[in-house]
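# Structural description and commentary
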Amino acid sequence: MKRFSITLLSILFLSPMSLLAKSGSSEAGLFYSTSWGSGVMGGYNYTNEILLGGDFAAGDTSTESEGPGTSIKSESTFMTVNAFGRYYLRDLGITDGLFGQAGLAFRNWTGTGKITEKSTKEKIASIKIDWSPVVIVTGVGWQKVWDFGLIFSVAMNASIGGSRTIEYTENMHRLSDSMKKDLEKKTDYPTNLVIYIGYSF
C-alpha cells in the first residue's frame, strides 16, 4: 500500500502540468482547513492572473478535560461563507503559481461549555462564546494545475478585525483569570491552513 501511494504521488507530480489557469475557465473542488472545518470551493478565472472565488465551510469541535474535583467539556460549531479575490504571480519561473488573496468571511460560529463537579455531576459553571459575524480574510498560497484538469493548492490565511464575546455564568465556581485568558487564546483562531483539491473546466 505504501509503495502504491508513493507511485501514485510520483505520477501526479511528474505529469505534465500548467501553472497558468486559462482566462475564462472555472474550477471547483473540496478543501480541508485546520481551524474552520471542511467544505467546497469554486472560482472563475477573470483573467490569467485574477480569480474571483468563494467557499463554504462547516465544522465542529469537542474537548473535554479534568481539573481538581471538576471536569470541563466544551463544544463549538463553525459555518463560514467566504468571498475573495485572488491574484497570481505569473512568468516568474519557479515562483509561478504563487498567489495572494483577500476577501470577506461571513461567520456563524457558536460555542458552549460547562464545568461539572465530579462527585455529584452537578453543573457549577457554564460558558457561552459568540464570534463576530463578519471578518476580513487575507492569505498567501501556491497552486498547481495538471494538464488533465486536476488542481492542488495550499494556502495560509489570516483573519483581521474579528472579535468574540465570552459570557461566563459562575453558579458555584469562580473561574480564575488564568483559565479565562487560556480560553480566550484557544478560541482566537487567527490563522487557518487550507488544503484544496479541485478540477478545472
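Scroll up for the structure.
Below you will find a few notes about this structure.

Criteria and thresholds
- Residues numbered from 1 in each chain as written.
- Predicted model: local features only at pLDDT ≥ 70, side-chain atom pairs only at ≥ 80, totals over all residues.
- Heavy atoms only, no water.
- 1 Å grid on protein atoms, 1.4 Å probe; cavity = no way out; pocket = protein on both sides within 12 Å on 5 of 7 lines; lining within 4 Å.
- Points joined across faces, edges and corners; volume = space filled by probe spheres on them.
- Helix = DSSP H or I, 4+ residues; strand = E, 2+ residues; numbered from the N terminus.
- Nonpolar A, V, L, I, M, F, W, Y, C, P; charged D, E, K, R; others polar.
- Pairing = 2+ DSSP bridges.
- Salt bridge = Lys/Arg side-chain N within 4 Å of Asp/Glu carboxyl O.
- Buried < 20%, exposed > 50% of the residue type's maximum accessible area, 1.4 Å probe, protein only.
- Phe/Tyr/Trp six-rings, centres within 6.5 Å; stacked < 30°, edge-to-face > 60°.
- Lys NZ or Arg CZ within 6 Å of the ring centre and 35° of its normal.

## With respect to the layout of surface pockets
As a volume, the largest pocket reaches approximately 480 Å³. Around the largest pocket, the lining is made up of 24 residues, and of these Thr-63, Ile-72, Ser-74, Leu-183 and Lys-186 lie nearest the centre. Elements that contribute at least two residues to the lining of the largest pocket include exactly strand 3 (50-67), strand 4 (70-88), strand 5 (98-117), strand 6 (123-131) and helix 2 (177-186). Along the lines of polarity and charge, the residues of the lining of the largest pocket split into 8 nonpolar, 9 polar and 7 charged.

## Remarks on the pairing of strand 5
Inspection of the sheet shows strand 4 paired to strand 5 by 19 bridges, in the antiparallel sense. Note that in strand 5 the partner of Thr-70 across the bridge is Glu-117. Judged from the 9 bridges that link them, strand 5 and strand 7 (residues 134-145) form a sheet pairing that is antiparallel. Residue pairing in the sheet places Phe-106 in a bridge with Val-134 of strand 7. Sheet topology note: the strand 5/strand 6 ladder contains 7 bridges and is antiparallel. Counted as the bridge partner of Thr-112 is Lys-128 from strand 6.

## With respect to the pattern of salt bridges
This structure, assessed with the given rule, holds 1 salt bridge. Here Arg-164 ties to Asp-188 by a salt bridge, and the two come within 3.7 Å at their closest N and O atoms. Of this pair, Arg-164 sits in strand 9 (residues 164-169) while Asp-188 is found in the loop between helix 2 and strand 10 (191-200), placing the two residues 24 residues apart along the sequence. A relative accessible area of 37% means that Asp-188 is categorised as partly exposed.

## Details of the environment of Ser-38
Along the chain, the position of Ser-38 falls in strand 2 (residues 37-45). The spacing of Ser-38 and Ala-57 is 19 residues in sequence and 5.2 Å in space, taken between C-alpha atoms.

## Examining the packing of aromatic side chains
Applying the stated criterion across every chain, the model contains 9 aromatic pairs. Considering the side-chain rings of Tyr-88 and Phe-99, the 5.5 Å spacing of their centres and the 65 degrees angle between planes classify their relative orientation as edge-to-face. With Tyr-88 in strand 4 and Phe-99 in strand 5, this residue pair connects regions lying 11 residues apart in the sequence. Here Tyr-88 falls in the buried class, since its relative accessible area comes to 1%. Their ring planes at 80 degrees and their centres at 6.1 Å tell us that Trp-109 and Tyr-189 sit as a pair that is edge-to-face. Note that Trp-109 is positioned in strand 5 and Tyr-189 in the loop between helix 2 and strand 10, a separation of 80 residues in sequence. A connected cluster of aromatic rings, assembled from ring pairs, spans Trp-36, Phe-78, Trp-109, Trp-131 and Tyr-189. Against the face of Phe-99 rests Arg-86, its NZ or CZ located 3.9 Å from the ring centre.

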